[in-house]
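# Notes for the structure review
In case you want the letters, here they are:
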Amino acid sequence: MSLTPSHIIQYLYCPRFTYFEYVLGIPQFEEKDFKVKKGREVHDNKLEQNKEYLRRRIGAVYKLQDQYLTNNSIRGQVDEVLTLNDGTMAPLDYKFAEYKDRIYETYFTQLKCYAWLIRDNFGKEVEKGYLVYVRSNNKLIEVALDKGAVEDVKKAAKEIYRIIGLNYYPKATKYKARCLNCTYRNICVK
Ligand code: SF4
């Protein structure tokens, strides 16, 4: 089994999601909440025109689009893999969303996964990633991705494999508010 950013996002929300869904095989009906929305109007003309402008602003010297990348642990499709003028690389992802003055943890986790994949596939350093919020006039947000950020998702992937491989029942999330509307709340032993 290879993991996707969605598996990592679910695990980070609550490790028991991994156990209930992938060890016991009980589907999550609210799964849609964790699906990372893709920018469906990526083909929109205005956005196409803006893309070159955005890349110039970033200092990208080369771009690869729609890259499906894998390594030994995870897989994912990156909208753009950019080579920057300092020789590092960066993932760029379009979001069909408005920017609400903060970066959602799900988006951040997704970029961390992409940074890991880019490092493993291209052997280049990744120090930052970019989000483009299509519904906020293509607002460009730069996100710092240090080595620690990638270690976070590596650790999560290792734990997911441990839970699935050993049928191990993990600790509950420490954020109790998350339990209130959880699909699994009636079967989850606290
Ligand atoms: S009820 Fe709480 S601890 Fe149990 S799976 Fe849901 S979020 Fe996690």
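Structure: see above.
As a starting point, this report considers the structure included with it. (Residues numbered from 1 in each chain as written. Predicted model: local features only at pLDDT ≥ 70, side-chain atom pairs only at ≥ 80, totals over all residues. Heavy atoms only, no water.)

## Looking at the pairing of strand β1 (residues 60-70)
Along any regular strand, the residues point their side chains to alternate faces of the sheet. Pairing of β1 with strand β2 (residues 75-84), which is carried by 9 bridges, proceeds in the antiparallel orientation. Paired with Gln67 across the bridge in β2 is Val78. (Pairing = 2+ DSSP bridges. Helix = DSSP H or I, 4+ residues; strand = E, 2+ residues; numbered from the N terminus.)

## Let's talk about the pattern of salt bridges
In total, this model carries 8 salt bridges according to the counting rule given. Its salt-bridge partner being Asp93, residue Lys95 comes within 2.8 Å of it at the nearest N-O pair. Overall, the relative accessible area of 1% leaves Asp93 in the buried class. Close ionic contact of Glu159 with Arg162 constitutes a salt bridge, the shortest N to O distance being 3.1 Å. Of this pair, Glu159 and Arg162 both sit in helix α5 (residues 147-166), 3 residues apart, which is roughly one turn of the helix. The class of Glu159 is partly exposed, set by a relative accessible area of 23%. Linked through salt bridges whose partners overlap, the residues forming this network are Glu52, Arg55, Lys63 and Glu80. (Salt bridge = Lys/Arg side-chain N within 4 Å of Asp/Glu carboxyl O. Buried < 20%, exposed > 50% of the residue type's maximum accessible area, 1.4 Å probe, protein only.)

## Re the packing of helix α1 (residues 5-13) against helix α2 (residues 15-23)
Direction vectors running N to C along α1 and α2 enclose 120°, while the axes themselves pass 4 Å from each other. Viewed along their axes, α1 and α2 adopt a mutual orientation that is oblique. Packed against α1, whose contacting residues are His7, Gln10, Tyr11 and Tyr13, the element α2 presents Pro15, Phe17, Thr18, Glu21 and Tyr22 at the interface. Here the residues of the contact of α1 with α2 sort into 5 nonpolar, 3 polar and 1 charged. (Axes fitted to C-alpha atoms, helices over the stretch in contact; angles between N-to-C directions. Parallel < 35°, antiparallel > 145°, perpendicular 65-115°, else oblique. Contact = heavy atoms within 4.5 Å. Nonpolar A, V, L, I, M, F, W, Y, C, P; charged D, E, K, R; others polar.)

## A look at unusual backbone geometry
You will see that Asn138, though not glycine, has its phi angle at about 55°, which is positive. Positioned with a positive phi, Asn167 is a non-glycine residue whose angle comes to about 50°.

## A closer look at the packing of aromatic side chains
Scanning the model with the defined rule gives 9 aromatic pairs in all. Their ring planes at 50° and their centres at 5.6 Å tell us that Tyr13 and Phe17 sit as a pair that is tilted. A residue is classified by how much of its surface remains accessible, and Tyr13, at 28% relative accessible area, is partly exposed. Ring centres of Tyr104 and Tyr107 lie 5.7 Å apart, and the angle between their planes is 75°; this geometry places the pair in the edge-to-face category. Residue classification places Tyr104 among the partly exposed residues on the basis of a relative accessible area of 31%. Following the ring pairs from residue to residue traces out a cluster consisting of Tyr13, Phe17, Tyr19, Phe20, Tyr169 and Tyr184. Above the ring of Phe108, the side-chain terminus of Lys112 is found at 4.4 Å from the ring centroid. The positively charged end of Arg135 is found above the aromatic ring belonging to Phe96, 4.9 Å away from the centroid. (Phe/Tyr/Trp six-rings, centres within 6.5 Å; stacked < 30°, edge-to-face > 60°. Lys NZ or Arg CZ within 6 Å of the ring centre and 35° of its normal.)

## Examining the nonpolar core
Core analysis: the largest hydrophobic core is formed by 38 residues, its most contacted members being Ile8, Ile74 and Tyr133. When contributions to this core are tallied by element, the ones reaching two or more residues are α1, α2, β2, α4 (105-122), β4 (128-133), β5 (139-144) and α5. Filtering out sequence-adjacent residues up to four positions away, Ile74 remains in contact with Leu3, Ile8, Leu69, Cys113, Trp116 and Leu117. In this structure, Leu84, Leu92, Tyr94 and Tyr130 belong to the second largest nonpolar core, which totals 12 residues. (Core = buried A, V, L, I, M, F, W, Y, C linked by side-chain atoms within 4.5 Å.)

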